[in-house]
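Breakdown of the fold
So the chains spell out like this:
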Amino acid sequence: MELNERQQEAVSLPPGPVLVLAGAGSGKTRVLTSRIAHLLEEGAHPGQILAVTFTNKAAQSMRQRLAQLVQIDLHGLWMGTFHGIAHRILRLHHGLVGLPAQFQVLDADDSQRLIRRALKDLGLDDKYWNPRQLAARIGRWKDGGIAPDDLRRDPSLPEAVLAVYRQYELLKERAGAVDFADLLLLALRLWQDKALLAQYQERFQHVLVDEFQDTNAVQYQWLHALAAHGQIFVVGDDDQSIYGWRGAEVENIFRFSQDYPGARLVRLEQNYRSTAPILAAANAVIAHNAERLGKTLWTARSGGSPVQLYRAYNEEDEARFVVARIQDWVAKGGKREDCAILYRSNAQSRPFEEHLLREGIPYRVYGGLRFFERAEIKDTLAYLRLVLNRHDDAAFERVVNLPARGIGAVTLERLRQYSQERGLSLWQAAGELQQPKLQAFLNLIDQLAERCRDRSLDEQVSLVLEQVPLRDWHARDGDRGEGRLENLEELINAARTFALSDSSAGLRELNPVPGDLLGEFLTHAALEAGEGGAEAWQDAVQLMSLHSAKGLEFALVFLVGLEEGLFPHQRSLEDPAGLAEERRLCYVGMTRAMQQLVLCYAESRRLHGSERMAMASRFLRDLPPEEVEELRPRARISRPIPIPAASARSDCPYPLGARVRHPVFGEGTVLDFEGGGRQGRIQIQFASGSKWLALGIVALEQLS
DNA sequence: CACAAAGAGGTTTTT
DNA sequence: CCTCTTTGTG
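Residues numbered from 1 in each chain as written. Chains lettered and ligands numbered in written order. Predicted model: local features only at pLDDT ≥ 70, side-chain atom pairs only at ≥ 80, totals over all residues. Heavy atoms only, no water.

**Looking at the protein's contact with DNA strand B**
The criterion, for reference: Whether a residue is near a molecule or strand depends on its heavy atoms: if one lies within 4 Å, it is near. Within 3.5 Å is the distance limit for a polar contact, defined as a pair of N or O atoms, with the added protein rule that one can donate a hydrogen and the other accept it, and that residues adjacent in sequence qualify only through two side-chain atoms. For the purposes of this entry, the term helix denotes a DSSP run of H or I that reaches at least four residues, the term strand denotes a run of E that reaches at least two, and both are numbered from the N terminus. Following the grouping adopted for this structure description, the nonpolar residues are Ala, Val, Leu, Ile, Met, Phe, Trp, Tyr, Cys and Pro, the charged ones are Asp, Glu, Lys and Arg, and the polar ones are all others, Gly among them.
Looking at DNA strand B, there are 28 residues lining it, with Arg132, Arg246, Arg344, Gly406 and Thr411 nearest. For DNA strand B, the backbone portion of the atoms within 4 Å of the protein, that is sugar and phosphate, comes to 56%. In this structure, a phosphate oxygen belonging to DNA strand B sits 3.2 Å away from a side-chain N or O atom of Arg132. Here a phosphate oxygen of DNA strand B and a backbone polar atom of Gly406 are 2.5 Å apart. Listing elements by their share of the surface near DNA strand B, those giving two or more residues are helix 18 (409-422) and helix 26 (546-549). By residue class, the composition of the surface near DNA strand B is 8 nonpolar, 14 polar and 6 charged.

**Describing the sheet that holds strand 6 (residues 206-209)**
Operational definition: Strands qualify as paired when DSSP identifies two bridges or more between them. Axis definition: a line fitted to C-alpha atoms, limited for helices to the stretch in contact. Angles are taken between N-to-C directions and run from 0 to 180 degrees. Any pair of residues with heavy atoms lying within 4.5 Å of one another is described as a contacting pair.
Strand order in the open sheet formed by 6 strands is 3-2-6-7-1-8, with parallel pairing between adjacent strands. The open sheet has two edge strands with one neighbour each: strand 3 (78-81) and strand 8 (264-268). Averaged over all pairs of adjacent strands, the angle between their axes in this sheet comes to 15 degrees, without regard to strand direction. Pairing analysis gives 3 bridges linking strand 6 to strand 7 (residues 232-236), with the strands arranged parallel. Along strand 7, the bridge assignment pairs Val209 with Val234. Strands strand 2 (49-53), strand 6 and strand 7 of the sheet are contacted by helix 11 (residues 217-226), whose axis makes an angle of about 155 degrees with strand 6. This element, helix 12 (residues 252-259), spans strand 1 (18-22) and strand 7 of the sheet and lies at about 155 degrees to strand 1.

**Description of the packing of helix 2 (residues 28-41) against helix 3 (residues 56-69)**
Two quantities define a packed helix pair, namely the angle between the helix axes and the distance between the axes. Spelled out, the test is: For classification purposes, angles smaller than 35 degrees are called roughly parallel, those larger than 145 roughly antiparallel, those between 65 and 115 roughly perpendicular, and all remaining angles oblique. Here a crossing is taken to be left-handed if its near helix is turned anticlockwise relative to the far helix by less than a right angle, and right-handed if that turn runs clockwise.
Contact geometry for helix 2 and helix 3: axes closest at 9 Å, N-to-C directions at 50 degrees. It follows from the interaxial angle that helix 2 and helix 3 lie oblique. Of the two possible hands of crossing, helix 2 and helix 3 adopt the one that is right-handed. In contact with Thr29, Arg30, Leu32, Thr33, Ser34, Ile36 and Ala37 of helix 2, helix 3 contributes Met62, Arg65, Leu66 and Leu69. By residue class, the composition of the contact of helix 2 with helix 3 is 6 nonpolar, 3 polar and 2 charged.

**Concerning the side chain of Arg311**
Stated precisely, the cut-off is as follows: Summary of the burial criterion: residues with accessible area below 20% of their type's maximum are buried, those above 50% are exposed, and those between are partly exposed, where the area comes from a 1.4 Å probe applied to protein chains only.
Relative to the elements of secondary structure, Arg311 occurs in strand 9 (residues 307-312). Judged by relative accessible area, which is 7%, Arg311 ranks as buried.

**Comments concerning the pattern of salt bridges**
Here is the rule we go by: Here, a salt bridge means any side-chain nitrogen of Lys or Arg that lies within 4 Å of a carboxyl oxygen of Asp or Glu.
Applying the stated criterion to the full structure yields 42 salt bridges. Arg320 is paired through a salt bridge with Asp317; the nearest N and O atoms lie 2.8 Å apart. Within this pair, Arg320 and its partner Asp317 are both found in helix 14 (residues 315-331), separated by 3 residues, close to a single helical turn. Residue class for Asp317 comes out buried when judged on its relative accessible area of 10%. Among the ionic contacts, a cluster of salt bridges with common partners joins Asp107, Asp109, Asp110, Arg113, Lys378, Asp379, Arg385, Asp392 and Arg398.

This is the structure:
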């Protein structure tokens, strides 16, 4: 595999801090894997290398590429997501942070349930205090490393919110469980043990990080402590920072240069992925963002067909069009797996799925309702969670009356009361309450645990389904239940596969707890979504959200639903930072395409059940016309794409099109405006190019 | 206390 | 549009 000069430079720099700013399609993964290969050639032992990625998909693809690159046994090389690696280390040293050996990992749904519990415990109304929002808010604090005590003195913060945060933490602790943010926080807390930290610093001589722009405060601190020796190689792209909502701080890129003075900086700007028109279009879109480190991708390739833009009548027409285009592609000998349909939110997949299904085209949906997130799967696993840890209150509450066994809301409320008053787990409380039906449930779990002893993983799953009449319960649910029954059988398969798979083998050898395969499986279920659906071997069209698409590439990309309110998303419209992130997301989506990029929007769309007229996304306005071919042009020539009235355009002190003078840039024309008041930004076309300026700062003189 | 029916409410993105 | 919650009945 050939590397260009810059790539080669990055790969072979001497040990020391390195920051690679790598544009989309500039061979980022190749550089990262080649760097690892280089280190190994230079005599590094695989066990001295830690490679961190952001998603499971990325970790997987890097491992594959590395295996192709080097012949040696990669045993001992740690490669995985932040959360996955944090989990590994916590398993090894759980005692140091006060966790039980088989602590549970709560997924987002579990966390939200626990927030609900916390609200109930505190006697707060979950109508007024939205559990979902609270969970998001608390999650954001935790991603930023902000503990309840840090919030104590904030007068603007309602006391109730703080109380919920505290109660939530308490409930988690009592259950011996951790949420996603805890994995990172506790892994960081481990570093307070200086001896332990030194041990890991010694071990991981080389730390490599992918998608560095997506790291949050806690992750950065963790890395910084671990890589105090400075042998840290990070790769990132500020233009692809799309996880700000999850606490990611692009600033970490600047922080890196400060924290590691003398860090070498390498820029990769040559794009090998996309054709010139695709690149030109993507560059034009991202150019509208202020505050960029400023990178312009270029390609040595010439030619390539223009970016296409289809104006659909509605979401059905959009799906019909896309599927027809895929059929053309296949008819001309293209592979289905080289086609991707990318959308802003997972809910948009439905019409595409229906049309693909109707046409008999295999497809695979990533994200959305994932296998391990399905209710029937989580129910079944909850039994196993109780088998492993009786004090897992979330699991207890989930299945204590499922299927119905006469333990209703009243009993449960009494149980909760009792447990809360005495600081007991629900399991302990149930034991003390002497209620026959509860007793029967406890016996059921104990029996289950007894029988699960010394059984294989899939047998354990089967045992749950035999001992607990979950199958019958679903079977009575008619059509809906049928799919769920299939999923339950699939769960047995998943357990069998997991027991044999590498993903568990890696953990098992590190795992000091014998016979804890079940625990690892449950973690796997929480940490990895389990991309179910179509058979892996099948040549299938790929459907996924823009976020999931990051890091991937496809010959033919359909970027759909480019409408105001959908993309950019409604929730981002008011907030300039949010809009900038949406724009980066658009850039990420466009740069996934290698040969052909097709953009779609619909004039009318059913959203949340009702039909509504849609306006073309503002991002479409920024496309260079010469690179774009409109597939259903408007009847009248040169009528532009309908442009949305920006939400707060009326607030703009200068009318669009007005001539203005800027003290530095000279005369220009007002092109656009977004945001409101002093927060607003104004775009002006100067002779030297167009610029976005903050209205709160800029001093403009209107000329006409 | 279980279950069925009707109503209300809430919808981004991921580990 | 879908799920979850509340309400009403047996």
